[in-house]
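# Breakdown of the fold
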Amino acid sequence: MTMMLFPMLGNERMTNAIAERIGSAVGKLELRRFPDGESYIRLHSTVAGRAVAVVCTLAHPDDRFLQLLFTARLLRENGARSVHLVAPYLAYLRQDRRFNDGEALTSRQFAQLLSAEFDGLVTVDPHLHRYGNLQEVYSIETEALAASPLLAEWIRDHVEAPLIIGPDSESEQWAGAIAGHIGAPHVVFTKTRRGDRDVLIAASNLSAWKGRTAILVDDVISSGHTLANAAREILEQGFPAPICLAVHGLFASDAEAMLRGLGCRLVTTDSIPHSSNAITLASILGDALAGQFAAIDAKGLRRTPK
């Protein structure tokens, strides 16, 4: 079965790297906006009978979502055998229950919209909190990959005598996994959130680890306040500014400036393009996508356009 990948705007580098990994062609889409902001999309490649995938990180999803759905529908209308989504960062998982009366359960609504247009989804470390896995909300084949081995490799290759620190209990899974991969010690701080930007960090005593390089690890850097408060605690205990290592670097508002202002070095994967990208995900994304292509081809799946 022949395969073809299509990048949404800003995803060209990732698409080319995945295509090289799995030996796939890269198709051509024309994407632009009319003066009134509406999307214009034109397909310049033949997709009839092919398994195709659209590569689109979903940081700032509201700006990308309609173009993504229009593209998926266009590929299917032109005869694609199956249409997959590679979303290195997957949005809309934070609202995983109704915290107040009348709230939209956007995690499920978003999943329903994507599941209606795609046959498979590949992503990396989705921010699952109250859901056990993506299959609880997505009705298509999903694969949630773990980046912790790649983060561990980066630490092993670049840092001598690391101390892995999780800034809160939610980060225990990444801190523990990374430390386990490289045989490094790790500790986890505790966090009390009093608001979106009001976070209280209770730090462990790090005196037994003096001489090691502190590395704060988390899945997402968004507002940066959790990491910044943890970094201040580390500085107050006489350590140099830590390395902040994350899977997804969203860097909302002034997060980057705040962390760099504390002296932190920022290291992220390329799930979201940013100057801090130092770890590439193309190998694991490509392998997972090739597996989905093969599985769906074996089933003989072919959806008809709605």
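What you are looking at is a predicted structure, and each value in this text was computed from that prediction instead of being measured.

Spatially, the 6 strands line up as an open sheet ordered E2-E1-E5-E6-E7-E8, and their pairing is parallel. Sheet topology places strand E2 (25-26) and strand E8 (141-145) at the edges, where each strand pairs with a single neighbour. Looking at chain direction, strand E1 (residues 3-7) and strand E5 (residues 51-55) are connected through 5 bridges and run parallel. Opposite Phe6, over in E5, you have Val54 as the bridge partner. The sheet contacts of helix H1 (residues 12-22) involve E1, E2, E5 and strand E6 (82-87), and relative to E1 the element is tilted by about 165°.

Further remarks concern the pattern of salt bridges. All told, the structure shown has 6 salt bridges when counted by the stated rule. One salt bridge in this structure joins Arg156 and Asp157, with 3.3 Å as the shortest N-O distance. Between Glu256 and Arg260 there is a salt bridge, and its shortest N-O distance comes to 3.0 Å. Linking Glu256 with Arg260, this pair stays in helix H7 (residues 255-261), spanning 4 residues, or about one helical turn. With relative accessibility at 24%, the residue Glu256 sits in the partly exposed group. Judged by relative accessible area, Arg260 falls into the partly exposed class, the value being 37%.

Moving on: the packing of H1 against helix H8 (residues 282-299). Close contact between H1 and H8 brings their axes to 9 Å; oriented N to C, the two are set at 60°. On the basis of their axis angle, the class for H1 and H8 is oblique. The crossing of H1 and H8 is right-handed. Between H1, through Met14, Ala17, Ile18, Arg21 and Ile22, and H8, the contact on the second element is made entirely by Ala282, Ser283, Leu285, Gly286, Asp287, Leu289, Ala290 and Phe293. Of the residues in the contact of H1 with H8, the class split is 9 nonpolar, 2 polar and 2 charged.

Next up on the list: unusual backbone geometry. Residues other than glycine seldom take positive phi values, yet Tyr92 does so here, at roughly 60°. Mapped onto the secondary structure, Tyr92 falls in the loop between E6 and helix H3 (106-117). Among the residues examined, Tyr92 registers a relative accessible area of 31% and is labelled partly exposed. Residues other than glycine seldom take positive phi values, yet Ala161 does so here, at roughly 50°. On the basis of relative accessibility, which here comes to 36%, the residue Ala161 falls in the partly exposed class.

The next point concerns the pairing of E6. The buried fraction of E6 amounts to 6 of the 6 residues, a majority that puts the element mostly inside the structure. Burial of E6 is two-sided: the residues Ser82, His84 and Val86 facing one way and the residues Val83, Leu85 and Ala87 facing the other way are all buried. Here 5 bridges tie E5 to E6, and the two strands are oriented parallel to one another. Bridge pairing in E6 places Val55 opposite Val86. Read as a crossover between parallel neighbours, the route from E5 over helix H2 (residues 65-77) to E6 is right-handed. Where E6 meets strand E7 (residues 120-124), 4 bridges bridge the pair, whose relative direction is parallel.

Okay, the nonpolar core next. Counting 41 residues, the largest nonpolar core has Leu58, Leu90, Leu114, Phe118 and Tyr138 as the members making the most contacts within it. Breaking this core down by element, the ones donating at least two residues are E1, strand E3 (29-33), strand E4 (39-43), E5, H2, E6 and H3. Counting residues per element, this core draws most heavily on H2, which supplies 6 residues.

By convention here, two paired aromatic rings are described through the distance between centres and the angle between planes. Overall, the coordinates contain 3 aromatic pairs when judged by the stated rule. Between Phe65 and Phe110 the ring centres are 4.9 Å apart and the planes differ by 35°, which places this aromatic pair in the tilted class. Of this pair, Phe65 sits in helix H2 while Phe110 sits in helix H3, and the two are 45 residues apart along the sequence. Taken together, a centroid distance of 4.9 Å and an interplanar angle of 40° make the contact between Tyr92 and Phe110 tilted. Of this pair, Tyr92 sits in the loop between E6 and H3 while Phe110 sits in helix H3, and the two are 18 residues apart along the sequence. Each residue in the set Phe65, Tyr92 and Phe110 is aromatic and connected to the rest through ring pairs, giving one cluster. Above the face of the Phe34 ring, Arg32 is positioned so that its terminal group lies 5.7 Å from the ring centre. The ring of Tyr40 carries Arg32 above its face, with NZ or CZ at 4.0 Å from the centroid.

Rules used in this analysis
- Residues numbered from 1 in each chain as written.
- Predicted model: local features only at pLDDT ≥ 70, side-chain atom pairs only at ≥ 80, totals over all residues.
- Heavy atoms only, no water.
- Pairing = 2+ DSSP bridges.
- Helix = DSSP H or I, 4+ residues; strand = E, 2+ residues; numbered from the N terminus.
- Contact = heavy atoms within 4.5 Å.
- Axes fitted to C-alpha atoms, helices over the stretch in contact; angles between N-to-C directions.
- Salt bridge = Lys/Arg side-chain N within 4 Å of Asp/Glu carboxyl O.
- Buried < 20%, exposed > 50% of the residue type's maximum accessible area, 1.4 Å probe, protein only.
- Parallel < 35°, antiparallel > 145°, perpendicular 65-115°, else oblique.
- Left-handed = near helix turned anticlockwise from the far one by under 90°.
- Nonpolar A, V, L, I, M, F, W, Y, C, P; charged D, E, K, R; others polar.
- Right-handed = clockwise from strand over helix to strand, strands pointing away.
- Core = buried A, V, L, I, M, F, W, Y, C linked by side-chain atoms within 4.5 Å.
- Phe/Tyr/Trp six-rings, centres within 6.5 Å; stacked < 30°, edge-to-face > 60°.
- Lys NZ or Arg CZ within 6 Å of the ring centre and 35° of its normal.

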